[in-house]
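Coordinate inspection notes
Okay, here's what each chain looks like letter by letter:
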Amino acid sequence: MKLWAGLLALCLVLTGCSGHAEEKQRRSFFAMDTYMTMTACGPEAEAGLKSAEARIRQIESELSVTDPGSEVYRVNHGSGTDIPVGKDMEETLGTALALAEETGGALDPTLYPVVEAWGFTRERQQVPADETLRETMARTGWERLRLSEGTLHRPEGMEIDLGAVGKGYAGREAGRVLRAHGVTSAILSLGGNIEAVGARPDGTPWRVGIRAPDAEGHAGMLSVRDAAVVTSGSYERYFTDDSGKRWHHILDPASGYPAENGLLSVTVVGPDGLLCDGLSTALFVMGRDKAEAFWRAHGGFEMILIGEGRHITVTEGLAERFTVLPEYTAEKAEVLRR
Ligand code: ADP
Ligand code: MG
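Remember, predicted model here, so these are calculated numbers, not experimental data. (Residues numbered from 1 in each chain as written. Chains lettered and ligands numbered in written order. Predicted model: local features only at pLDDT ≥ 70, side-chain atom pairs only at ≥ 80, totals over all residues. Heavy atoms only, no water.)

**A closer look at the overall build of the chain**
What the chain contains, in helices and strands, is eight helices and 18 strands. Taken over the C-alpha trace, the chain has a radius of gyration of 19 Å; the compact-globule value for 338 residues is 20 Å, and the two agree within 12%. Once the C-alpha set of the chain is aligned to its principal axes, its extents read approximately 60 × 45 × 40 Å. When each of the 338 residues of the chain is scored for burial, the buried share is 56%. Here the chain contributes 35 positively and 49 negatively charged side chains, and the mean placements of these two sets differ by 3 Å. (Helix = DSSP H or I, 4+ residues; strand = E, 2+ residues; numbered from the N terminus. Rg over C-alpha atoms; globule rule 2.2 N^0.38 Å. Buried < 20%, exposed > 50% of the residue type's maximum accessible area, 1.4 Å probe, protein only. Lys, Arg positive; Asp, Glu negative; His and termini not counted. Charge placed at Lys NZ, Arg CZ, Asp CG, Glu CD.)

Here it is in structure tokens:
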């Protein structure tokens, strides 16, 4: 069995406070089960980054599923069904539930018992026995949660997992903290989830590498300013069973098995990292056709789909901002229009 737990930053970010080298600050640390690197430019950079890291650690301490001191752990392991929850949980779970509804349940924040049955939270993974899958699936179902005015109604036996939205939320919040400090130029990589604050100091956009889901290196480069860039991919966390079959960590809530629909990665670009993170997971589960239909119907974000055969689709808002690397594929990205 093999697990690649994504300890490396998943996206390359070309950084540089050109011309202001003395004011460039970088902070790298391990949090939320991944390696994070934040770079900020300008006189407020150092203080801003320190506060941003503190905010990320605070979010981690509340949303972790495995830390016995976290709010999510308290909800999952406590007794009683009507539980008061704090602001971070209310915001993330509220968004996850809204997305669950909009995506027909492709995102389901109650999937944790099934995620655990696969062992994705532990050292060892395995394909669960049918009986285990049945038993754990019976304890899921986002429709059975109620969240209103700071109180969560959670039927006994159900467990919450905000792993599909937590890092995007952390990026959004860290970006907010930096802006509140007066930072106008920063790039944050939270295990491959990118949050771009402003543009580079010379006014040109930040350049973000989009990982090749089926090879080393990158599939393309994206130019962004003031945006989150969040990718969900089957390459991020997986194991190989005894027969050599690969099983990855994004599960289709309809079956309890890893989503398999020909998509290898989905990158969502938009103003709200929390929403982008939830969407990237949901659209990955939905597959190409449903993801495209969802974008047409909802908008408010842009996306990059990479499928088998290295087939790349970008929504029209990214057409001028995304370049496919010729070493990845000679084909141009297909542009999806409304
Ligand atoms: P990553 O955490 O690697 O960036 P995602 O944001 O796509 O990737 O989140 C995947 C994580 O979310 C899984 O590790 C699991 O804990 C949880 N998860 C898996 N499938 C789903 C799903 N369909 N809905 C909600 N959460 C999921
Ligand atoms: Mg996600």
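**What to know about the side chain of Thr315**
Along the polypeptide, Thr315 turns up in strand β16 (residues 311–315). At 2.5 Å, the side chain of Thr315 and the side chain of Glu302 are in polar contact. Side-chain polar atoms of Thr315 contact the backbone nitrogen of Met303, separated by 2.9 Å. Excluding its chain neighbours within four sequence positions, the residues that come into contact with Thr315 are Trp295, Glu302, Met303, Val335 and Leu336. (Polar contact = N/O pair within 3.5 Å; in protein donor to acceptor, adjacent residues only side chain to side chain. Contact = heavy atoms within 4.5 Å.)

**A short note on the nonpolar core**
The biggest cluster of nonpolar side chains holds 74 residues, and the ones touching the most others in it are Ile56, Met89 and Leu283. Counting residues per element, this core draws most heavily on helix α7 (residues 273–286), which supplies eight residues. (Core = buried A, V, L, I, M, F, W, Y, C linked by side-chain atoms within 4.5 Å.)

**Structural notes on the sheet that holds strand β4 (residues 82–84)**
The three strands lie next to each other as β4-β6-β5, forming an open sheet whose pairing is antiparallel. The open sheet has two free edges, formed respectively by β4 and β5 (146–148), since each of these has just one partner strand. Direction aside, neighbouring strands of the sheet carry axes that sit 20° apart on average. The pairing of β4 with strand β6 (residues 151–153) spans three bridges and is classified as antiparallel. Across the sheet, residue Asp82 finds its bridge partner in β6, namely His153. Contacts from helix α3 (residues 87–102) reach β5 and β6 within the one sheet, and its direction differs from that of β5 by about 130°. (Pairing = 2+ DSSP bridges. Axes fitted to C-alpha atoms, helices over the stretch in contact; angles between N-to-C directions.)

**Here we look at the packing of α3 against α7**
When two helices pack together, their arrangement is given by the angle between the helix axes and by the axis-to-axis distance. It is the contact of α3 with α7, at a shortest axis distance of 10 Å, that shows an interaxial angle of 45°. One finds that α3 runs oblique with respect to α7. When the axes of α3 and α7 are compared, the crossing they make is right-handed. Touching Glu91, Thr92, Thr95 and Leu99 of α3 are Leu274, Leu275, Gly278 and Leu279, all from α7. Looking at the contact of α3 with α7 residue by residue, the classes come out as four nonpolar, three polar and one charged. (Parallel < 35°, antiparallel > 145°, perpendicular 65-115°, else oblique. Left-handed = near helix turned anticlockwise from the far one by under 90°. Nonpolar A, V, L, I, M, F, W, Y, C, P; charged D, E, K, R; others polar.)

**Observations concerning the coordination of the magnesium ion (ligand 2)**
Distances from the magnesium ion (ligand 2) to its protein donors, Ala164 (O), Asp277 (O), Asp277 (OD) and Thr281 (OG1), fall at 2.1 to 2.4 Å. All donor residues of the magnesium ion (ligand 2) come from one chain, and their arrangement in sequence is A-x112-D-x3-T. One end of the pair, Ala164, is in the loop between β6 and α6 (166–180); the other, Asp277, is in helix α7, with 113 residues separating them in the sequence. Judged by its relative accessible area of 23%, Ala164 is partly exposed. (Donors = N, O, S within 2.8 Å, 3.2 Å for Na, K, Ca; no water.)

**Some points on the packing of aromatic side chains**
Counting across every chain of the model gives seven aromatic pairs. For the ring pair Trp118 and Phe239, a centre distance of 6.3 Å and an interplane angle of 50° mean the geometry is tilted. One end of the pair, Trp118, is in helix α4 (residues 112–118); the other, Phe239, is in strand β12 (residues 238–240), with 121 residues separating them in the sequence. Given the relative accessible area of 0%, Phe239 is considered buried. Ring centres of Phe294 and Phe301 lie 6.2 Å apart, and the angle between their planes is 40°; this geometry places the pair in the tilted category. For the pair Phe294 and Phe301, one class covers both residues: buried. The ring of Trp247 has Lys245 sitting right over it, with the charged end atom 4.7 Å from the ring centre. A cation sits over an aromatic face here: Arg338 above Trp295, 4.2 Å from the ring centre. (Phe/Tyr/Trp six-rings, centres within 6.5 Å; stacked < 30°, edge-to-face > 60°. Lys NZ or Arg CZ within 6 Å of the ring centre and 35° of its normal.)

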